[in-house]
Amino acid sequence: MDFFHVLIVLLESTIRVSVPLVFAALAGLFTERAGVFDISLEGKMLGAAFAAGAAAAVSQSVWVGLAAAVLVSVLLSLVHGYASITQRGNQIVSGVAINFIVAGATVILGEAWFRQGGRTPALVEGARFQIVNFPGADAIRDVPVLGPIYADLLSGHFLLTYVAFAMVPISWWILFRTRFGLRLRAVGENPGAVDTAGISVIWLRYRAVICCGILCGFAGAYLSLAMTAGFVKGMTAGKGYIALAALIFAKWRPVNVMFACLLFGFLDALAIRLQGAPLPLIGRVPVQLMQALPYILTVVLLAGFIGKAIPPKAGGVPYVKER
Amino acid sequence: MSVPYAKLPGWVEYGLVPLVNLAVAFLVAGLVVLLVGENPLEAAYHLINGAFGRGEYIGFTLYYATTFIFTGLAVAVAFHAGLFNIGGEGQAYVGGIGVALACLWLDKVMPWYVVFPLAIVGSAFFGALWAFLPGWLQARRGSHIVITTIMFNFIASSLMVYLLTRVLKPLGSMAPQTRTFAEGGQLPKLDWLLAIFGLDVGTAPFNISFLLALAAAFAVWALIWRTRLGYEMRTMGHSPSAARYAGIRESRIIVITMMISGGLAGMMALNPIMGEQFRMQLDFVQGAGFVGIAVALMGRSHPAGIIPAAILFGVLYQGGAEIAFEMPSISRDMIVIIQGLVILFAGALENMFRPAIARAFAMRGQRAAALAQTKGA
């Protein structure tokens, strides 16, 4: 029973750490499927987390915080969109630029506005997301096996956690079952054909980039309004890049994205839990190896050693009409 | 918008357009300073004074510039072959192993001029090694070089934490760093170079690797524009299909280019490790690999542009420290914003002002032509 208890705790923290990954990877899914590479997921998430923390601290309302997060993230997305769609600039360069601008600006503005060493003030109860408990969770906690699964694994998360996992089928439905999704995917594979059909490539890509901004806003808000009570400088700590890795690992498919995020989240949770304790069969694994594992796995996958990850064909290429 | 960009005279293409982009980046940075409630002009004064006010400050500025010349060249070499090496950070970090090994091995028995060449080879070797894998994976397995080099940055960071906490740390020490090197692992300062101009270098760690950086810049120029390999690299950068038709072996060029790029990034490690700290510490690269992207973009991937761009970023780093000291509400993170803005305006939005500038020149050209006609009549 002890092993079962450990497993439940581990899975619970897996869910907790993979929520921002799910949001950010789905965000990347929308833009990359539309042919716009985006390595600024990290920056958008960080900017959104800061906006959420700052707005919620000032207004004392979690919803204002969430709205501010989405707004800032969408604005950053539009900068990326303007550079890479309208100006036909290099999408990677634009993404790198946004990551830097946000990394610096969140610290400078946070320090100027709140003077707490780059933090935003700690949020009180009404200004942050509360844990949602399912009905009867406490009553059946003692039921063996099913009790802990219901009470600790399914119940007892933040609202945004459920939104994140609901976004997986929703994204799938949007991308694969609606006209907008079909066109969005087409624009990432063969923008010329979409243009010939009389549909604006530019406007479609802008809409994809805005979708990305909204989802990154949720990811950032989760970090500073749910996972912790306030913004801490550099709090994304490479999660945007892990999300990017998860997106590639999932071969740009929504349901796979969720599993990839859960896998990388699980590795993260396991590394925290083990802290250098020996594993059965393998022995002592350095924490650093566990931390590097998502990246190593992605490299191995990209190299085509476990399946082949084929990106959208027009990814990273600005669209030039009639050439 | 399918009109190709008009051809502009050289000084406009390589002088005016980058300067306009840079000016816009600094204007936006000035707005951020205003937003924080400080005076941008005062910040600019502290920036210039902090970077050039004294011999010591100039020494620090050039010390930072040395680092950025290496990483800027690394990014530029890859750009020429159409590759985006975003992994300079990881390659420089791993390159540190080569420097540390050479120093730890010989610093007590040999003088610096014996250790230094070995450290150069070591740093270039380890940097190239870390770039070889992404290059090989791109050439042979078709994995995207941007993604793999990002992943390799993170893997390098984990690897170095492991090495510095478990392997290279002296016994009985808690700090994750190597032991301090003896005399042989310390590069001489270039105080005499500044003394020519009557300046005193003071405590600034401006050292001989600056000369190595200049030599590397010259070597890169010679490689790209004066050798067959450089020609093949540029051909591939302009048009991979043309290169293929010309019988250039694409995979070979990709791997070699990435290794040269990684080697240059790795050599950056010489400057902080042997020039300043005399030991290898955690995170000694401090983002210099990413600054290299901004430097290469601003310098238009030409060594003659990279050196001034690197000095500009040296000014930002050294002068930025002075701003942070004089104006507490503007911390060193301001540099990160400026860096991002430079990458945005000089890189991603480089064509934003070009149509306007081109129009201005077309109009001037027409007027001159009209003038010549009336004179002739």
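Owing to the predicted nature of the structure, the values given are computational and were not obtained by experimental measurement. (Residues numbered from 1 in each chain as written. Chains lettered and ligands numbered in written order. Predicted model: local features only at pLDDT ≥ 70, side-chain atom pairs only at ≥ 80, totals over all residues. Heavy atoms only, no water.)

Colleague: Just to check I follow, could you spell out the interface of chain B and chain A for this structure?
Modeller: Interfaces are often sized by the amount of accessible area the parts lose when they come together. Across the contact, 45 residues belong to chain B and 45 residues belong to chain A. Summing the contributions of chain B and of chain A, the shared interface buries around 3,800 Å²; its carbon and sulfur component is 77%. Applying the counting criterion to the chain B and chain A interface returns zero salt bridges. Counting every contact that joins chain B to chain A gives zero residue pairs in polar contact (both at pLDDT 80 or more). Contributing elements (two or more residues each) for the side of chain B that touches chain A: helix H1 (10-35), helix H5 (112-141), helix H6 (145-167), helix H13 (288-298) and helix H15 (333-348) of chain B. In terms of residue count, the dominant contributor to the side of chain B that touches chain A is H6(B) (13 residues). (Contact = heavy atoms within 4.5 Å. Buried area = accessible area lost by both parts, 1.4 Å probe. Salt bridge = Lys/Arg side-chain N within 4 Å of Asp/Glu carboxyl O. Polar contact = N/O pair within 3.5 Å; in protein donor to acceptor, adjacent residues only side chain to side chain. Helix = DSSP H or I, 4+ residues; strand = E, 2+ residues; numbered from the N terminus.)

Colleague: Help me understand the pattern of salt bridges, please; the structure alone is not making it clear to me.
Modeller: Side-chain pairs of opposite charge can arise where the charged atoms are in close proximity. Within this structure, the stated rule accounts for six salt bridges over all chains. Across the salt bridge formed by A:Lys44 and A:Asp38, the nearest N and O atoms sit 2.4 Å from each other. A:Asp38 carries the same exposure label as A:Lys44, and that label is buried. B:Arg228 is paired through a salt bridge with B:Glu232; the nearest N and O atoms lie 3.5 Å apart. In this pair, B:Arg228 and B:Glu232 both sit in helix H9 (residues 228-238), four residues apart, roughly one turn of the helix. (Buried < 20%, exposed > 50% of the residue type's maximum accessible area, 1.4 Å probe, protein only.)

Colleague: Help me understand the side chain of B:Thr71, please; the structure alone is not making it clear to me.
Modeller: All names here are of chain B. You can see Thr71 is positioned in helix H3 (residues 55-80). Assessed through its relative accessible area of 2%, Thr71 is described here as buried. Each residue touching Thr71, except ones within four places of it in the same chain, is listed here: Met268, Ala288, Gly289 and Gly292.

Colleague: Help me understand unusual backbone geometry in this model?
Modeller: Where the residue is not glycine, phi is negative for most of them; where a peptide bond is considered, it is trans in most cases. Residue and element names in this part refer to chain A. In the Ramachandran plot, Ala237 falls in the positive-phi region, its phi being about 45 degrees despite a non-glycine side chain. Turning to its location among the elements, Ala237 is positioned in the loop between helix H9 (201-227) and helix H10 (239-249). Look at Ala237 and you get exposed, because its relative accessible area is 60%.

Colleague: Where do I start with the nonpolar core in this structure?
Modeller: A general trend in soluble globular proteins is that nonpolar side chains are found buried together. Of all hydrophobic cores here, the largest spans 215 residues; its most connected members are A:Phe23, B:Phe68, B:Leu270, B:Met274, B:Phe313, B:Met334 and B:Val342. Once residues lying within four places of it in the same chain are set aside, the contact partners of B:Val342 are B:Leu22, B:Ala25, B:Ala294, B:Met298, B:Phe313 and B:Gly347. (Core = buried A, V, L, I, M, F, W, Y, C linked by side-chain atoms within 4.5 Å.)

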